[in-house]
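One letter stands for each residue in the lines below.
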Amino acid sequence: MKISSKNTKIAICGLGYVGFPVALLFAEAGFEVIGVNRSGEKIKLINRGGSPIEGKEPGLKELIKKVRKSGLFTATTDETAYKDADIVIVAVETPVEDDTHEPAYRALKAALTSIGRNLRKDALVIIESTIAPGTMENIVKVILEQESGMEVGQDFMLANCPERLMPGHLLENIINYNRVIGAQDEKTTDTVKSLYKYIVKGKLDTTSWVTAEIVKAGENAYRDVQIAFANEMALLCEAMGADVWQVRDLINECKRKGETRFEALRQMHYPGAGVGGHCLPKDSWLLVYGAKGLIEPQIIPLARKINNFMPKHVFDLLSESFKQANKDINKAKIVVLGYAYAGNSDDSRNTPTEALIKLLGETQATVVIQDPFVKEYKTSLDKSLKGAHAIILMADHDQYKNINYNKLKRLMKTPRIVIDGRNVFSKDKVLKAGFIYKGVGNI
Ligand code: SAJ
């Protein structure tokens, strides 16, 4: 297939944080793009120029307007739309089961079945979703061949090109990040490369399906382990009376003079109130699932355990503070600042705050959640803080970074406890203003 924006039609399966911006960028590059999604509501929203993505996404609104004018991108729930597509890109969620941590491929399997039933000869299917190593070979290929009656390599092409997106930077990531393409033959490799060159300025590395699967899940497992190390350092610093943030700065100052600049020899990550999002909490499990029955990894599951413990640790800091103030937590008003999993995002998938809310729910305290980005918690900050005995900072939204401590003192009631899960407040100033302060890694 010769890729050309003039006559290559692209279908995008799944119009979420990945599929929607990818669809827009290919349409902007001149391709006719049809988005396929199960949710009719989302389709109606997109076809009237709306966006299924909230939160700050630089450039997204302008791109939607530009693409809408071109008329090159429409959305539908009708899976027969795949029949006209030369290329089908799959960007559906691939969560893991809460209890077993095994991949829950319901959305992926449903998508592959619909695509297989409508797949054109010589079409190209590309999986952008993050999947466990071995999934291309043992699930994707099998379902597509079964449902289409065609053979990969012979009758259609199949590749994976894992997404590398972070909410809040979607377009920037797609355009500028290097990408890995997994393909089993040269023709497919070349075709996928020529396609992504239309929207990706970053480097396009090529490898096998399984290596691309391992790289994607592995790069997030790496980050999760790094964060777990930072969290364990926070617990150590609390126990030994140090400030983990100063420790982190000094460790990361460990540099050597390179040819042109100082090279950091260490990059300790940020400790915090836990790890959420659509990537890290699940990608480590996808990685180890690929080796199930072959090897029992140690560090990666343990890192998950440490990171999942952090909301409990935040709760313990709160309980200790109430004990220290000799106040009954059950009679308190507690305000949780930040429901989203990360600062300045509306995305609350796998948010660590959920685990904290559950623990607070086991007390009789009155709990108020405030988050300027998450629809159900967009209450006024001052109103939420009024009469609070304690506040717990869980997401480092900009709104929380310039809270006036004297005003906060007037709004709150004794014992005026501040639990800082993301090192947003200044411990010295908060203590001087007469609060009780406990930060993760700095109590
Ligand atoms: N977090 C920490 N400490 C850190 C970094 C993050 O506690 O040092 C927490 C955050 O608060 C959040 C969670 O971890 O709850 C995830 O944060 P994240 O910055 O990793 O954001 P994600 O989940 O959007 O990660 C994405 C990933 N990108 C893809 O999967 C394509 C990740 O691989 C990227 O490294 C990350 O964006 C990024 O740095 O852009």
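This write-up is about the structure you can find in this document. Quick caveat, the model's predicted, so the values are computed rather than measured.

Attention now moves to the nonpolar core. Formed by 44 residues in total, the largest nonpolar core has its most connected members in Phe26, Phe73, Ile89, Leu195 and Tyr196. Broken down by element, this core gets its largest block of residues, 7 residues, from helix 1 (residues 19–28). When near neighbours in sequence (up to four residues on either side) are disregarded, Leu195 contacts Ile3, Ile10, Phe26, Phe31, Ile87, Ile89 and Ile126. Listed in part, the 40 residues of the second largest apolar core include Ala111, Ala132, Met136 and Leu286.

Around the ligand, 19 residues are found, and the nearest of them are Arg164, Leu165, Lys216, Asn220 and Arg223. Between the ligand and Leu165 there is a distance of 3.2 Å, counted from a nitrogen atom to a backbone nitrogen or oxygen. In this structure, Lys216 approaches the ligand through a side-chain N or O atom, which is 2.6 Å from an oxygen atom. The protein chains hide 88% of the 740 Å² of surface that the ligand would expose on its own. In terms of residue count, helix 8 (residues 209–240) provides more of the shell around the ligand than any other element does, 4 residues in total. Looking at the shell around the ligand, its residues break down into 10 nonpolar, 4 polar and 5 charged. For the shell around the ligand, the two domains that each supply at least three residues are domain 1 (9–207) and domain 2 (217–304).

For the rest of this paragraph, the subject is the packing of aromatic side chains. Following the criterion strictly, the structure yields 7 aromatic pairs and no others. Plain terms: the ring middles of Phe20 and Phe73 are 6.2 Å apart, the flat faces sit at 55° to each other, and that makes the pair tilted. Remark: Phe73 occurs in strand 3 (residues 73–76) and Phe20 occurs in helix 1; sequence separation between them is 53 residues. Across the pair, Phe73 and Phe20 agree in class, each one buried. Ring centres of Tyr339 and Tyr377 lie 4.9 Å apart, and the angle between their planes is 55°; this geometry places the pair in the tilted category. Placement of Tyr339 in the loop between strand 11 (333–337) and helix 12 (352–361) and of Tyr377 in the loop between strand 12 (366–370) and helix 13 (381–385) is noted, with a sequence separation of 38 residues between them. Under the relative-accessibility criterion, Tyr339 is labelled buried at 11%.

Parameters at a glance
- Residues numbered from 1 in each chain as written.
- Predicted model: local features only at pLDDT ≥ 70, side-chain atom pairs only at ≥ 80, totals over all residues.
- Heavy atoms only, no water.
- Core = buried A, V, L, I, M, F, W, Y, C linked by side-chain atoms within 4.5 Å.
- Buried < 20%, exposed > 50% of the residue type's maximum accessible area, 1.4 Å probe, protein only.
- Helix = DSSP H or I, 4+ residues; strand = E, 2+ residues; numbered from the N terminus.
- Contact = heavy atoms within 4.5 Å.
- Near = heavy atom within 4 Å.
- Polar contact = N/O pair within 3.5 Å; in protein donor to acceptor, adjacent residues only side chain to side chain.
- Areas by Shrake-Rupley, 256 points an atom, 1.4 Å probe, with all protein chains shown as cover.
- Nonpolar A, V, L, I, M, F, W, Y, C, P; charged D, E, K, R; others polar.
- Domains from an automatic or database assignment.
- Phe/Tyr/Trp six-rings, centres within 6.5 Å; stacked < 30°, edge-to-face > 60°.

Remember, this is a structural readout, not a statement about activity or role.
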